[in-house]
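# Residue-level structural notes
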Amino acid sequence: MPGTKRFQHVIEMPGPGKWELSGYEAALPITEKSNPLTRYLDKADAKKIVQLLGQCDAEIFQEEGQIMPMYQRLYSESILTTMVQVAGKVQKVLKEPEGGLVVPSGGGSSGRMAFFMSVSFNQLMKGLRQKPLYTYLIAGDDRSVVASREGTEDSALHRIEELKKVAAGKKRVIVIGMSVGLSAPFVAGQMDYCVDNPAVFLAVLVGFNPVSMARNDPIEDWSSTFRQVAEHMKKLQEKQEDFVLNPAIGPEGLSGFRMKGGSATKILLETLLLAAHKTVDRGIAASQRCLLEILRTFERAHQVTYSQSPKIAAVMKQASTSLEKKGRVCLVGWQTLGIIAIMDGVECIHTFGADYHDICGFLIGDHSEMFNQKAELINKGPRFSFSQEDFQSSVLPSLTENDTVIFIFTLDDNLTEVQTLVEQVKEKTANIQALAHSTVGQSLPTSLKKLFLSIISITWPLLFFEYEGNFIQKFQHELSTKWVLNAVSTGAHVLLGKILQNHMLYLRIGNSKLFWRALAMLQQLSGQPKACIESLLQVIHFPQPLSDDIWVAPISSHIQVAREKEQVIPIALLSHLFRCSIPEAQAHLAAAPSVCEAVRSALTGPGQKRSAEPLETLEPALQ
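These numbers come from a predicted model, not from an experiment.

Calculation rules
- Residues numbered from 1 in each chain as written.
- Predicted model: local features only at pLDDT ≥ 70, side-chain atom pairs only at ≥ 80, totals over all residues.
- Heavy atoms only, no water.
- Phe/Tyr/Trp six-rings, centres within 6.5 Å; stacked < 30°, edge-to-face > 60°.
- Helix = DSSP H or I, 4+ residues; strand = E, 2+ residues; numbered from the N terminus.
- Buried < 20%, exposed > 50% of the residue type's maximum accessible area, 1.4 Å probe, protein only.
- Axes fitted to C-alpha atoms, helices over the stretch in contact; angles between N-to-C directions.
- Parallel < 35°, antiparallel > 145°, perpendicular 65-115°, else oblique.
- Left-handed = near helix turned anticlockwise from the far one by under 90°.
- Contact = heavy atoms within 4.5 Å.
- Nonpolar A, V, L, I, M, F, W, Y, C, P; charged D, E, K, R; others polar.
- Core = buried A, V, L, I, M, F, W, Y, C linked by side-chain atoms within 4.5 Å.
- Pairing = 2+ DSSP bridges.
- Arc of directions from axis to C-beta.
- Polar contact = N/O pair within 3.5 Å; in protein donor to acceptor, adjacent residues only side chain to side chain.

## Here's the deal with the packing of aromatic side chains
- Applying the stated criterion across every chain, the model contains 15 aromatic pairs.
- Ring geometry for tryptophan 19 and tyrosine 71: centres 6.0 Å apart, planes at 15°, overall stacked. Separated by 52 residues along the polypeptide, tryptophan 19 in the segment before helix H1 (46-58) and tyrosine 71 in the loop between H1 and helix H2 (77-95) bring together distant segments of the chain.
- Using a relative accessible area of 12% as the deciding quantity, one classes tyrosine 71 as buried.
- Aromatic side chains tyrosine 193 and phenylalanine 201 sit 5.5 Å apart centroid to centroid with 65° between the ring planes, which places their arrangement in the edge-to-face category. Pair check on accessibility: tyrosine 193 and phenylalanine 201 agree, each one buried.
- Here the aromatic residues Phe115, Tyr136, Phe371 and Phe386 are joined through ring pairs into a cluster of three or more.

## Some remarks on the packing of helix H20 (residues 568-578) against helix H21 (residues 582-591)
- Packing of H20 against H21 brings their axes to within 9 Å, and their N-to-C directions diverge by 110°. Relative to H21, H20 is oriented roughly perpendicular. As H20 runs across H21, the sense of the crossing is right-handed. Residues Pro570, Ile571, Leu574, Ser575 and Phe578 of H20 form the contact with H21, whose participating residues are Ile582, Ala585, Gln586, His588 and Leu589.
- A breakdown of the residues in the contact of H20 with H21 according to their chemical character gives 7 nonpolar, 3 polar and no charged.

## Digging into the nonpolar core
- Ranked by size, the top nonpolar core spans 156 residues in total, and within it Leu505 and Phe515 carry the most contacts.
- One finds Leu137, Ile160, Val187 and Met233 within the second-largest nonpolar core, a separate group that totals 30 residues.

## Notes on the sheet that holds strand E4 (residues 201-206)
- Judged by pairing direction, the sheet is parallel, and its 5 strands sit side by side in the order E2-E1-E3-E4-E5 without closing on themselves. The open sheet has two edge strands with one neighbour each: strand E2 (137-138) and strand E5 (243-245).
- The pairing of strand E3 (residues 172-178) with E4 spans 6 bridges and is parallel. Residue pairing in the sheet places valine 175 in a bridge with alanine 203 of E4.
- Running over the sheet, helix H7 (residues 226-237) touches E4 and E5 and is turned about 110° from E5.

## Some points on the sheet that holds strand E7 (residues 359-364)
- Ordered by their spatial adjacency, 5 strands build an open sheet running E7-E6-E8-E9-E10, and the pairing between neighbours is parallel. Both edges of this open sheet fall to E7 and strand E10 (454-460), since each of them pairs with a single strand only. In this sheet, neighbouring strand axes are inclined to one another by 15° on average, regardless of whether the strands run parallel or antiparallel.
- Of the strands in this sheet, strand E6 (329-334), E7, strand E8 (404-410) and strand E9 (432-439) touch helix H11 (residues 336-352), which is tilted by about 160° from E7.
- Contacts between helix H12 (residues 388-395) and the sheet are confined to E6 and E7, with E7 contributing the most and set at about 125° to the helix.

## What to know about helix H19 (residues 555-562)
- Looking only at H19, the buried set comprises Ile555, His558, Ile559 and Ala562. Buried positions in H19, seen along its axis, are confined to an arc of 100° and lie on one side of it.
- Buried residues along H19 sit in contact with helix H16 (512-526), helix H17 (532-541) and helix H18 (548-552).

## Looking at the side chain of asparagine 486
- Secondary-structure assignment places asparagine 486 in helix H15 (residues 467-495).
- Side chain to side chain, asparagine 486 and aspartate 344 meet in a polar contact 2.7 Å long.

Spelled out as structure tokens, the structure:
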């Protein structure tokens, strides 16, 4: 219940999770475990899906257990203290802007969040007529902001030269390395480089596993593992030379999918950075009290967002219907809400094996100063479409009645512009939904309101803060939008039968993290951990037989082949369970009503006795 622990909370917290017990899926780090809350997600209807995902998101704000404090949490004294210390380091950069720079960095989902952080805080500084001090690094360059290019995060060397370039001539550069699972080689390399060059760089590592659970398999182009880098940084933190911010937030609602991790990254960094900006002008240090005030506004965003659960469920069902009819779902958002829309659409590609046009996001508004190298996105084809111009020239003319378009805006946006675009879409499809943010006293014009099939209308209280404080409401709008879109896109695929329990069978193996996740899923579902690696490699390299050269090849060579293949996990699982050939497993899939039904039948059929043997450490299998 709220208030029964150290802090007074806005929302009611779920009880301690089974995942906190030491024996629960012990071989897996927290971010890769399956969440007991969503164990039967695949059996849930739309309303239940929203409820379950909301409970998972609430775990972000849980305090550490009073009886069994297994892990430090967002509200733990150790985490709040580190946040205050990092905010102090940011303040020093803000006080000497000519020689300072703040660089959020990451690969994949975390890289897109790094881009988002940079855009948001540069906007804040421009509004104060201050020189923007943020830039970002993302694995695979700016194209990775708007498209799924997951393999680019596997290189530790990648973009270190770019980091050197942006830091040239700077006296102090804070690099915030973001890796939800403490696993991305791209981040490990940058953190290691910063640690080795302390005269200029300060490294801040952000993730959501204990350091002891950081990835420990060798990085092909680097001398240290991620865990070794994190352990070194943890020692340096004692002298406040570098920092690790890694509260546990619980497993994802959908195993491994970075919904909750992305939300928690946004909450943690916006709290920390906004506290630094709010207090620096007053000449005072950031405090835990300031952090807690901001954190409570994010709790309030959770409360306000999930109060709209029935409407979110209705939009989810409409989106699923469109996908079932081979239509598409377009997320059209204004300003930074458009970035959230793009991020959600891109995530669906490698998570659900979706095509790039199944769920796609578009940004309405000026983006001329957002990107490092905008030229990388021009004339690159439909896979890299993201702008208003792209939507109006390439998507709008081809919309059909099978498509759903969700408009995302605030009532402070240009509503005339919104209405004009909605009316154009209305000529193509009636499946038009809205997610509209307003403050108390604002109302949607009737002429616009009547154009929507349904509206998720989220009303926020009027805030009377100084300029920086007003950004809190902007951050609330963005986080709320992220939660809604994550629920809609995830639930749409759950309703399509693409999820088994809370596992993603359609996962595309695009990088080393996803390779190990696929192997862990095979081991977990089959209950036979030791033989799964052979089945996985057989499917990846089929029709080529497994030679000695394949067995000793680096992980990157398997990923290069796997990223071009679909249904790797279900085929490998069926082949393993039935002890049959790859073509026979493919035939089983083809004959079943759905992939999930084929796997579910194999797991529960006669003669399939799952082993009770616990999962073992995965990495040594190929070393």
